[in-house]
Amino acid sequence: MREGDFFTRHSMRPKEGDQEVPDFEGVSEKGVELAKQRAREILESLEQSENGTIMFMGGTSEIPRTKSTALIYGNEMRDVISEQKRDDILVFMPEDLEDIEGYSNKVDYLVKQITAHPEKKIVIDFPLFIKEFSFVGDFTTEEGKWTQYAREMLNRSGGDSEKFLRDWLDNQGVIGDLKGPNPKEIAEKQLAGLNRLREFVEKYISGRPLIIGSVGHSWSLDALAVYLANKGEVTAEAFDKMKAKMIGETGMIKLMQKAGKQVLQYGELLIPLKEELKL
């Protein structure tokens with residue numbers, strides 16, 4: 001994970017009184033508006049990057065709301081750029097390549113666009129399923145149902161996700177004979193997935209500053225934030241020391257520099273890191 005790379009949690013799911021938006025499976029009307037706000041923050045961050053920067057918005061889980069959230073980000077950034085009549089940032093979305101047949105031809109097209117615009121900042125918004133971001137096998141079964149461990153945790157927490165998180169960090173994925181995911185291993189999987197995505201992109205793009213953006217889930221991203229802020233320690237004590245709350249919808253985890261020091265953004269928190277991370 002490099003400075004500038006980021007994760008966000010997916011946006012709000014549909015519920016009674018806040019229906020799903022047809023174009024964005026798994027995301028509610030309020031969720032679309034929330035994701036648009038986050039997209040503007042992402043765009044502001046890109047504006048502060050050096051000329052020629054490529055932002056690849058790519059990593060998601062298998063759950064549709066993560067892909068939809070990533071696509072809302074790209075659509076909103078494109079709309080803002082169009083409204084401002086700017087030509088210094090280009091945005092490419094899946095629909096831009098619909099008429100190009102074959103995976104290799106699509107890649108070639110994007111590479112040619114990047115090469116043809118060496119000074120422009122470019123957003124490539126193509127959500128890809130990254131297996132390390134999956135809930136399957138950790139919190140859910142392949143059929144999409146909660147694992148036995150997760151069901152027990154939900155019972156213990158009364159369905160409160162924040163209590164679930166705190167309990168998970170405390171029991172480290174083990175309740176008696178029930179074994180669930182280990183928080184540190186989940187954090188390391190998030191990093192492995194992000195780094196694998198970076199390696200994939202770097203095969204086609206070289207010599208340009210690169211930012212990797214991904215959309216994932218609470219619990220997994222919370223474990224990652226605790227890991228980054230506490231030198232690999234992912235425990236309830238470390239979480240409490242941060243005075244943190246579970247990451248909210250579209251909440252961001254990002255490494256950045258502020259006043260010459262490395263800072264971790266974790267939702268609404270900005271946490272100065274005592275030692276610079278080299279991941």
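Scroll up to find the structure this text is about.
These numbers were taken from a predicted model, which means no experiment stands behind them. (Residues numbered from 1 in each chain as written. Predicted model: local features only at pLDDT ≥ 70, side-chain atom pairs only at ≥ 80, totals over all residues. Heavy atoms only, no water.)

Caption draft 1: Inspection of the overall build of the protein chain at higher detail. If you tally the helices and strands in the protein chain, you get 8 helices and 12 strands. A globule of 279 residues ought to have a C-alpha radius of gyration of about 19 Å, and the protein chain, at 19 Å, matches this closely. Projecting the C-alpha coordinates of the protein chain onto the three principal axes gives extents of approximately 60 × 45 × 35 Å. Buried residues in the protein chain amount to 53% of all 279 residues. Intrachain contacts of the protein chain at a sequence separation of at least 6 include 67% that bridge at least 24 residues. Distance between charge centres in the protein chain, computed from 39 positive and 49 negative side chains, equals 4 Å. (Helix = DSSP H or I, 4+ residues; strand = E, 2+ residues; numbered from the N terminus. Rg over C-alpha atoms; globule rule 2.2 N^0.38 Å. Buried < 20%, exposed > 50% of the residue type's maximum accessible area, 1.4 Å probe, protein only. Contact = heavy atoms within 4.5 Å. Lys, Arg positive; Asp, Glu negative; His and termini not counted. Charge placed at Lys NZ, Arg CZ, Asp CG, Glu CD.)

Caption draft 2: Local environment of the pairing of strand β10 (residues 252-258). Among the 7 residues that make up β10, 5 are buried, leaving the element largely enclosed by the rest of the structure. One ladder, built from 3 bridges, connects strand β1 (residues 6-9) with β10; its direction is antiparallel. Its bridge partner lying in β10, Phe 7 is registered against Ile 253. Across 6 bridges, the pairing between β10 and strand β11 (residues 261-266) is antiparallel. Residue pairing across strands places Gln 257 opposite Gln 262, the latter belonging to β11. Counted along the chain from β10 to the antiparallel partner β11, the turn is 2 residues long, and its residue Ala 259 has a positive phi close to 55°. (Pairing = 2+ DSSP bridges.)

Caption draft 3: Just the environment of Gln 37, in detail. Mapped onto the fold, Gln 37 is located in helix α1 (residues 29-47). Of the residues examined, Gln 37 reaches a relative accessible area of 56% and is grouped as exposed. Sequence spacing of Gln 37 and Tyr 73 is 36 residues, and the spatial spacing of their C-alpha atoms is 8.7 Å.

Caption draft 4: Representation of the environment of Lys 121 in the model. Considering the arrangement of structural elements, one finds Lys 121 in strand β6 (residues 121-129). Measuring from C-alpha to C-alpha, the distance between Lys 121 and Ile 89 comes to 4.7 Å, with 32 residues separating the pair along the chain. Among the polar contacts listed, one links the side chain of Lys 121 to the backbone oxygen of Ser 49, at a separation of 2.8 Å. (Polar contact = N/O pair within 3.5 Å; in protein donor to acceptor, adjacent residues only side chain to side chain.)

Caption draft 5: Focus on the side chain of Ser 157. Tracing the chain through its elements places Ser 157 in helix α4 (residues 148-157). Separated by 3.2 Å, the side chain of Ser 157 and the backbone oxygen of Leu 154 make a polar contact.

Caption draft 6: The packing of helix α6 (residues 183-202) against helix α7 (residues 220-229), seen in detail. Look at α6 against α7: their axes get within 8 Å of each other, and the N-to-C directions meet at 90°. What the angle tells us is that α6 and α7 run roughly perpendicular. Where α6 abuts α7, its residues Pro 183, Lys 184, Ile 186, Ala 187, Glu 188, Gln 190 and Leu 191 lie against Ser 220, Leu 221, Ala 223, Leu 224, Tyr 227 and Leu 228. When the residues that make up the contact of α6 with α7 are grouped by side-chain class, the tally is 9 nonpolar, 2 polar and 2 charged. (Axes fitted to C-alpha atoms, helices over the stretch in contact; angles between N-to-C directions. Parallel < 35°, antiparallel > 145°, perpendicular 65-115°, else oblique. Nonpolar A, V, L, I, M, F, W, Y, C, P; charged D, E, K, R; others polar.)

Caption draft 7: Looking closely at the sheet that holds β1. Read from one edge to the other, the open sheet built from 8 strands follows the order β5-β6-β4-β9-β1-β10-β11-β12, with strand pairing classed as mixed. Across the chains shown, the open sheet's two edge strands, defined by having one partner strand only, are β5 (89-92) and β12 (269-272). For this sheet, the mean angle separating the axes of adjacent strands, direction not counted, is 25°. Relative to strand β9 (residues 210-216), strand β4 (residues 54-60) runs parallel, the two sharing 5 bridges. Note that in β9 the partner of Ile 54 across the bridge is Leu 210.

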